[in-house]
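The chain contents come next:
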Amino acid sequence: MDSSVYVFVEDLRGEGVERVLDRISAYGVAGVTVGAVHHASRDVTPHGLSRLTVRHDGAHFAPPADLFSGLRLAPVPGYPEAFDGLREACAKRSMKLHGWTVFLRNATIGMEHPDVTVRDCFGDRGSPADLCPAHPDVRDYAVALARAVARLGVDSVVAESLHFSPLEAQRSFVPLGPMDAYLFGLCFCDYCMRRATDLGVQAEVAREECAGIVGRVFDGDQPAQGEVTRAALTAYAGPDVVAYARARSETVTTLVSEVASAVAEEGSKLVFVDSTGAVKGYADGLPTPGLAAHDAWQFGVDLVALGDLVPAFGVLAYARDAARVADDVGAYLRSVGKDREVRAVLRPGHPDSDSADRLLAKARGAKAAGALAVDFYAYGLVPHPVLDRIPAALSEAL
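Described below are features of the structure shown in this document. Just so you know, these numbers come straight off a predicted model, no measurement behind them.

**What about the overall build of the chain?**
When helices and strands are tallied, the chain shows 18 helices and eleven strands. A compact globule built from 398 residues would reach a C-alpha radius of gyration of about 21 Å, and the chain, at 21 Å, matches this within 12%. Judged by the C-alpha coordinates and their principal axes, the chain covers about 60 × 50 × 40 Å. Per-residue burial for the chain yields a buried fraction of 57% across its 398 residues. Within the chain, contacts between residues at least 6 apart in sequence are counted, and of these 76% link residues at least 24 apart. Total accessible area computed for the chain in this model is approximately 15800 Å², and 52% of it derives from carbon and sulfur atoms. Taking the average place of the 39 positive charges on the side chains of the chain and the average place of its 52 negative ones, the gap between the two points comes to 4 Å.

Written as structure tokens, this is what we have:
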């Protein structure tokens, strides 16, 4: 069974490439998945050079000039030397190198070019980090970025945030229910509206419905309760809104297809990771009942369609329960096809795994459900004793 550990470039810079790779190779994993392009964050890093690490939006390599000349959007400079010699250092240890790439989450680009970000039903662009996958400039940027990472000589480009994102307000004292938040998070920019209209959707009607529903909650109406499902959404917001939400899958599917083709042309392969599993279980490892594969449509992800276009998928199995991990992996395989590579991404410690036995059980469940790889997230975020659980989990999965 294939395997890797997710690693941030700050880990390599702070602890040293040789030291980090030696430690990870001793776990018995087959490779590392290194953050080639990442978004801004502030993380507790228990064994890092700094115990509180501030990350900035950045591409951690020198972008090839031929890929971005003439494009409006370009990668935000990070640590351009981060991948220098990394391929060779991995090969020396017989380890694979994967390029972890965050595509459409970038507040630096969004603040500089607000028109490429999502626009809500009220006409506001209040999510600068969320680049809209329907915007032509964003699509050109994503394809060029994929080529650039593939040219680093990586075994795969691991694509995160290559789809629409949910609403993420830092503060809200309005009790928005899940469906209200979903409606508020839909993008109604000109490009999204035009694509939906071309598919026969009454896009302006959908926008007005969303603005009316969310506006009434802002005015004091009780929010809707319960999970977001197509049936519940139809009853709550009407068929035009559901049709508009469905239309987003065409935007995402065509973009992912372009990116996958570009990566293949550069001699690598795409591993598509949708964020549904993280949205459902990131905070506490207790995901809401609907399986990630069944709810991915909410972000424009049509797994059945992508199964014909993408060779490999990462399942963010952020759950405490081993049975839930197995269920999520199985649902993905049924959606994308049994011949596709599915990689289960597990967190070896808090909040998902309180013991080595729990992690072992989840690795066993992922394998039994059909996963061909188990990856561990993430080296710099968890204590060394927690990382030391990995060998036992791998031995169970092999």
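Now that the structure is up, let's keep going.
**Some words on the pattern of salt bridges**
Applying the stated criterion across every chain yields a total of 27 salt bridges. Residue arginine 93 pairs with aspartate 22 through a salt bridge whose shortest N-O separation is 2.8 Å. Placement of arginine 93 in the loop between α4 (86–92) and β6 (96–102) and of aspartate 22 in helix α2 (residues 17–26) is noted, with a sequence separation of 71 residues between them. Residue classification places arginine 93 among the buried residues on the basis of a relative accessible area of 17%. Given the relative accessible area of 41%, aspartate 22 is considered partly exposed. A salt bridge links glutamate 265 to arginine 147; the shortest N-O distance between them is 2.4 Å.

**A few points about the packing of aromatic side chains**
To describe a pair of aromatic rings, one takes the distance between the centres and the angle between the planes. For the structure on display, the rule yields twelve aromatic pairs. For the ring pair phenylalanine 8 and tryptophan 100, a centre distance of 5.2 Å and an interplane angle of 50° mean the geometry is tilted. Pair noted here: phenylalanine 8 is in the loop between β1 (2–7) and α1 (9–15) and tryptophan 100 is in strand β6, with a separation of 92 residues, a long-range link. Plain terms: the ring middles of phenylalanine 272 and phenylalanine 313 are 6.3 Å apart, the flat faces sit at 75° to each other, and that makes the pair edge-to-face. Here phenylalanine 272, found in strand β8 (residues 270–273), pairs with phenylalanine 313, found in strand β9 (residues 312–316); they are 41 residues apart in sequence, far enough to count as distant. Phenylalanine 313 shares its class with phenylalanine 272; the two are buried.

**A word on the environment of valine 17**
Looking at the secondary structure, you find valine 17 in helix α2. Between the C-alpha atom of valine 17 and that of threonine 101, which follows or precedes it by 84 residues, the distance is 19 Å. Filtering out sequence-adjacent residues up to four positions away, valine 17 remains in contact with Leu12, Leu86 and Ala89.

**Thoughts on helix α8 (residues 190–198)**
Among the residues making up α8, those that are buried are Cys192, Met193 and Ala196. Along the axis of α8, the buried residues cluster in a sector spanning 100°; they form a single face. Positive phi shows up at glycine 200, right after α8, with a value of about 90°.

**Digging into the packing of helix α9 (residues 203–218) against helix α11 (residues 239–265)**
Where α9 contacts α11, the axes come no closer than 8 Å and their chain directions differ by 110°. Relative to α11, the element α9 lies roughly perpendicular. Handedness of the α9/α11 crossing: left-handed. Facing Ala203, Val205, Ala206, Glu209 and Cys210 of α9, the residues of α11 in contact are Asp240, Val241 and Tyr244. The class makeup of the residues in the contact of α9 with α11 is six nonpolar, no polar and two charged.

**Looking at the pairing of β8**
Side chains Leu270 and Phe272 project from β8 onto one buried face, and the interleaved Val271 and Val273 project onto a second face that is buried too. Sheet topology note: the strand β7 (residues 156–160)/β8 ladder contains four bridges and is parallel. By the bridge assignment, glutamate 160 is partnered in β8 with valine 273. Inspection of the sheet shows β8 paired to β9 by three bridges, in the parallel sense. For valine 271, the partnering residue across the bridge sits in β9 and is alanine 312.

**Re unusual backbone geometry**
In this structure, the amide linkage connecting histidine 350 to the following residue, proline 351, adopts the cis form with an omega of 0°. Note on placement: proline 351 falls in the loop between β10 (341–346) and α16 (356–369). Omega for the bond connecting tyrosine 377 with alanine 378 falls within 30 degrees of zero, at -10°, which places this linkage in the cis form. In this structure, serine 94 takes a positive phi of about 55° despite not being glycine.

**Considering the side chain of lysine 280**
With respect to the helices, strands and loops of the structure, lysine 280 is situated in helix α12 (residues 276–281). A distance of 3.5 Å separates the side chain of lysine 280 from the side chain of glutamate 227, its partner in a polar contact.

**Some details on the pairing of strand β4 (residues 52–55)**
Of the two faces of β4, only the one carrying Thr53 and Arg55 is buried; Leu52 and Val54 on the other face are not. Here four bridges tie strand β3 (residues 41–44) to β4, and the two strands are oriented antiparallel to one another. What sits directly across from arginine 42, in β4, is valine 54.

**With respect to the nonpolar core**
What tends to happen in soluble globular proteins is that the nonpolar side chains get buried as a cluster. Residues Ile24, Phe103, Leu183 and Val259 are the most contacted members of the largest nonpolar core, which totals 123 residues. Here this core takes twelve residues from α11, the largest share from any one element. With sequence-adjacent residues up to four places away left out, valine 259 is seen in contact with Phe103, Ala142, Val143, Ala146, Leu162 and Leu270. Ranked by size, the runner-up nonpolar core spans 14 residues in total, among them Tyr6, Val102, Val345 and Tyr377.

Thresholds applied
Residues numbered from 1 in each chain as written. Predicted model: local features only at pLDDT ≥ 70, side-chain atom pairs only at ≥ 80, totals over all residues. Heavy atoms only, no water. Helix = DSSP H or I, 4+ residues; strand = E, 2+ residues; numbered from the N terminus. Rg over C-alpha atoms; globule rule 2.2 N^0.38 Å. Buried < 20%, exposed > 50% of the residue type's maximum accessible area, 1.4 Å probe, protein only. Contact = heavy atoms within 4.5 Å. Areas by Shrake-Rupley, 256 points an atom, 1.4 Å probe, with all protein chains shown as cover. Lys, Arg positive; Asp, Glu negative; His and termini not counted. Charge placed at Lys NZ, Arg CZ, Asp CG, Glu CD. Salt bridge = Lys/Arg side-chain N within 4 Å of Asp/Glu carboxyl O. Phe/Tyr/Trp six-rings, centres within 6.5 Å; stacked < 30°, edge-to-face > 60°. Arc of directions from axis to C-beta. Axes fitted to C-alpha atoms, helices over the stretch in contact; angles between N-to-C directions. Parallel < 35°, antiparallel > 145°, perpendicular 65-115°, else oblique. Left-handed = near helix turned anticlockwise from the far one by under 90°. Nonpolar A, V, L, I, M, F, W, Y, C, P; charged D, E, K, R; others polar. Pairing = 2+ DSSP bridges. Polar contact = N/O pair within 3.5 Å; in protein donor to acceptor, adjacent residues only side chain to side chain. Core = buried A, V, L, I, M, F, W, Y, C linked by side-chain atoms within 4.5 Å.

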